[in-house]
Structures are given as structure tokens and as C-alpha cells.
Protein chains: 2
Amino acid sequence: MPKLWNETIEEHRRAVRDAVLESTAALVAEQGLRAVTMSRIAEQSGIGRATLYKYFPDVESIMMAWHERQIAGHLDELAELRDRPGTPGERLAAVLERYALIQQQRHGHGGEFSALLHRGDHVAHAEQHLHHFIRGLLSEAAKAGEVRDDVASDELTGYCLHALAGAGGLSSKAAVKRLVAVTLTGLRPES
Amino acid sequence: MPKLWNETIEEHRRAVRDAVLESTAALVAEQGLRAVTMSRIAEQSGIGRATLYKYFPDVESIMMAWHERQIAGHLDELAELRDRPGTPGERLAAVLERYALIQQQRHGHGGEFSALLHRGDHVAHAEQHLHHFIRGLLSEAAKAGEVRDDVASDELTGYCLHALAGAGGLSSKAAVKRLVAVTLTGLRPES
């Protein structure tokens, strides 16, 4: 098998796993959670049914793994924006705008399985991580005088995350940007 | 029956209904939804079981009626604040603070039956009413120059309601007031 000669078993397993996650997410988005079966997923991923069961016990666990990977990807994206050059206030604005756009997209992907997915422990963990992440940036910006310091950064984080959750109901990118602008105005130091 | 001589049937029915709602809410808060039975409610309300069933078919329907009455009470309270003297901006601030405090209290009342209650149609209806109500006040304040007019009042309403939903997680009245202050800062016209 020359095409596999440089692949380790780990790499192969990851590739199969990724293919299964992609195929399942596509099938669920297209046909709804209830219509998707393990056989259909195996077929779509180009692997045998028996192999699929070595990776995942059921459709729900595949969707859960897919969701975990999505969330991890979003957190990476936000961390990348935080670590770019710029003042803390500029980087905060970039992170919050990206977060709001993610909320909007997420909402667009029908709600059928979002209730299921949000029961997972990984979500509570990710939310905690996100809170910690935004709080750090807010407190940095407050020290730089770019964000109000009369309210604790923990409370300001709650304000930002709740206000931006509203992006889920917005239909245009322009509306999301306006929401971010209003939310950032709320963070401004009293002049 | 001299003590009933000036009561109409309607008044009597309303009094029984109110007593049932109060007793049920108190029992559920004390013992949890699953522990409360129709017999226990009849006993606590001081009426017969057969009479109780003429008013309500089950515990869930009583809790639903109780919740509807609560929501209607909150909306009345907010309307009363809106109609007091003052500039639109002042009245908006009073309404939003009261709304945030209600969110905080509501959260305090354990979550066991809140999921059940929030499935009711009356909740969607009340949310729509509230949205309309806040939007009217925001647009009045924008016309008076007290609220920014670069963002539509519909979008500002979504911002306010989402941001203030965060009051549910706050433990002190002071924290709720800070959240309201931050949210109001976001509404300020660009100077």
C-alpha cells in the first residue's frame, strides 16, 4: 500500500474519525437527526459498518464528538484573535465580534439537535473556558484604560456573553456588527 | 349566609381560584412538583377535592395558571413604571432595572418546574408583549435624544433583553444595578 507508507496508525485513525464526523454532520444537517442511521453514515464515510462501530457506539455519540471538535475549533479561533498585535481594547473588539458571528452561524444550523448537544459536559466546560478567556481580556483592557474599571471584569464578562447571545436571532452580518458596537459602548470607561 | 351576601358568583370563583394558585405555588416551592397531589392542594386550599377538579384537571394546569398570573403581574408592574412622570430615558431606566430584578428573583425560585412552565404558549406571548413594550419606550427615548438612534429600536430591544437576562446569575441587588448601568451605557447616543 504505497499511499499509506508514511501514515502511522494514529494518523489513519484520526483520518477515519474526521471523515465520520464530517459525513455525519452533513447527513444530519440534510436529513435531520432521526433519519440518520449508522449504516448510512458508514456508507457515506466509505468504511464498513463493523469498522464504524469500533469508533462510535451510536449516532448521538458521533454528533457529540463533532460538536466538541466544533467548539474546540471556535475557541482556537478566538485565541488566535486575542494573540494578534494591537491594544487590549482592539483585540477584545475582534474577539467579541468573532464570538457574536459564531453565535449567529450556530443558530442558523437548525435547532433540532442543538438541545441534545448542549446537554453534554463538554459544553459547560467550554463555557467556563470562554468566560475565563474573555474575563482575562477585559481585565487587561481595563488596566489599559480602554474598558471601564468601575465594574468587576467577571460581571462585565457575563454582560458581554449574554448581550452577544442575542446575535443568534439576527439575520444579517451588519446587524451582528451593530450589536457588537452597542455592547462595546456599554464597556466604555465613564468620561 | 350573611358573610357571602355581597359576593357575586364570579367573585367567589375568583377567590377560590386565587386560593388554589397560592396554595399550590407554596406547596410546590416547599416540596417540589412531583410531591404535590391534587388531594394535598384541596386540603391546603380549604376546599373539597371534587370542587378542585371543577377548577383544574391536574397540578400542571394549576402551576401553568399560577405562572400566567405571575407574568401578567410583572407586565403590569413594568407598565406602571413606564407610565410614571419623567423623561423617556428615566422611565426606560426604571423599567429595565425592575425587569432585571424580576429576572434575578425568578432565577432564585429553583429551576425544577421552570422548564415545564416555559413550554407554555403564554410565555411566548408574554415575551412578544415585553419586546413590543420595551421597543416603544426605546424609540420614544431615541426621539428625545436620550438613546442612540444609529441602531433600530428593535435591535436595541434584543440587546437589552439579552444583556439583562444575565441578572438571573447574579446574587446581589447591587450587581443587578451595575449590570443595568452597563447595559444603559450601551444605549447612550454617540457624543
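Residues numbered from 1 in each chain as written. Chains lettered and ligands numbered in written order. Predicted model: local features only at pLDDT ≥ 70, side-chain atom pairs only at ≥ 80, totals over all residues. Heavy atoms only, no water.

## Things to note about the overall build of chain A
So the rule is basically this: The helix and strand labels rest on DSSP assignments: H or I over at least four residues marks a helix, E over at least two residues marks a strand, and numbering proceeds from the N terminus. Only protein chains enter the accessibility calculation, which uses a 1.4 Å probe; a residue is then buried when its area is under 20% of its type maximum, exposed when over 50%, and partly exposed in between. When checking whether two residues touch, look at their non-hydrogen atoms; a contact exists if any pair is within 4.5 Å. Per-residue and other accessible areas follow the Shrake-Rupley method at a 1.4 Å probe size, with only the shown protein chains counted as cover for residues.
Assigned secondary structure in chain A consists of nine helices and zero strands. Secondary structure elements of chain A occur, N-terminal to C-terminal, as α-α-α-α-α-α-α-α-α. Counting the 191 residues in chain A, one finds 41% classified as buried. A sequence separation of at least 24 residues applies to 65% of the contacts in chain A between residues at least 6 apart. Here chain A displays about 10500 Å² of accessible surface, and carbon together with sulfur accounts for 53% of that area.

## Some points on the packing of aromatic side chains
Any two aromatic rings considered together are summarised by their centre-to-centre distance and by the angle between their planes. Quick reminder of the rule: Here the aromatic set is Phe, Tyr and Trp, taking the six-membered ring for Trp, and pairing holds for ring centres within 6.5 Å; pairs whose planes are under 30 degrees apart are stacked, those over 60 apart are edge-to-face, and all others are tilted. By definition here, charges over rings are those cases where NZ of Lys or CZ of Arg is within 6 Å of the ring centre and within 35 degrees of the ring normal.
Applying the stated criterion to the full structure yields one aromatic pair over all chains. Ring centres of Y159(A) and Y159(B) lie 6.4 Å apart, and the angle between their planes is 85°; this geometry places the pair in the edge-to-face category. One end of the pair, Y159(A), is in helix α8 (residues 153–165); the other, Y159(B), is in helix α8 (residues 153–165), on a second chain. One exposure class covers both Y159(A) and Y159(B), and it is buried. Sitting above the plane of the Y55(A) ring, R13(A) keeps its charged end 4.6 Å from the centroid.

## Details of the interface of chain A and chain B
To keep things clear, this is the line we draw: By definition, the buried area sums, over both parts, the 1.4 Å-probe accessible area that each loses when the two are put together. Within this document, salt bridges are pairs made up of a side-chain nitrogen of Lys or Arg and a carboxyl oxygen of Asp or Glu, the two lying within 4 Å of each other. Identification of polar contacts relies on pairs of N or O atoms within 3.5 Å, with a donor-acceptor requirement for protein atoms, meaning one able to donate a hydrogen and the other able to accept it, and with residues adjacent in sequence counted only if both atoms are side-chain atoms.
Across the contact, 20 residues belong to chain A and 20 residues belong to chain B. Taking both partners together, chain A and chain B bury about 1500 Å²; carbon and sulfur atoms supply 63% of that area. Contact with chain B buries surface across chain A, with E155(A), Y159(A) and V182(A) losing the most and accounting together for 33% of the total. On the surface where chain A and chain B come into contact, there are four salt bridges. Put simply, R178(A) and E155(B) hold a salt bridge, and the shortest N to O gap is 2.7 Å. Put simply, chain A and chain B have five residue pairs in polar contact (both at pLDDT 80 or more) between them. Of all the secondary-structure elements, those providing two or more residues to the side of chain A that touches chain B are α8 and α9 (173–187) of chain A.

## A short note on the relation of the copies chain A and chain B
For clarity, the threshold we go by: Only residues with pLDDT of at least 70 in both copies count here: their C-alpha atoms drive the least-squares fit that superposes the copies.
Expressed as a screw operation, the relation of chain A to chain B combines 0.1 Å of axial shift with a rotation of 180°, fitting to an RMSD of 0.1 Å. The operation mapping one copy onto its partner corresponds to a two-fold rotation axis. Most of the interface of chain A is mirrored in chain B, where 100% of its interface residues are also at the interface.

## Points about the side chain of R91(A)
Structurally, R91(A) can be placed in helix α5 (residues 88–108). For R91(A), the side chain forms a polar contact with the side chain of E140(A), separated by 2.7 Å.

## Side note on the confidence of the model for chain A
For the record, the criterion: How sure the predictor is of each residue is captured by pLDDT, a score from 0 to 100.
When pLDDT is averaged along chain A, the result is 89, and 89% of the positions lie at 70 or above. For chain A, helix α6 (residues 114–117) of chain A is the element with the lowest average pLDDT, namely 64, and α9(A) is the one with the highest, namely 97.

## Some details on the environment of A93(A)
All names here are of chain A. Checked against the element boundaries, A93 lands in helix α5. A relative accessible area of 24% means that A93 is categorised as partly exposed. For the pair formed by A93 and V180, sequence separation is 87 residues and the distance between their alpha carbons is 7.9 Å.

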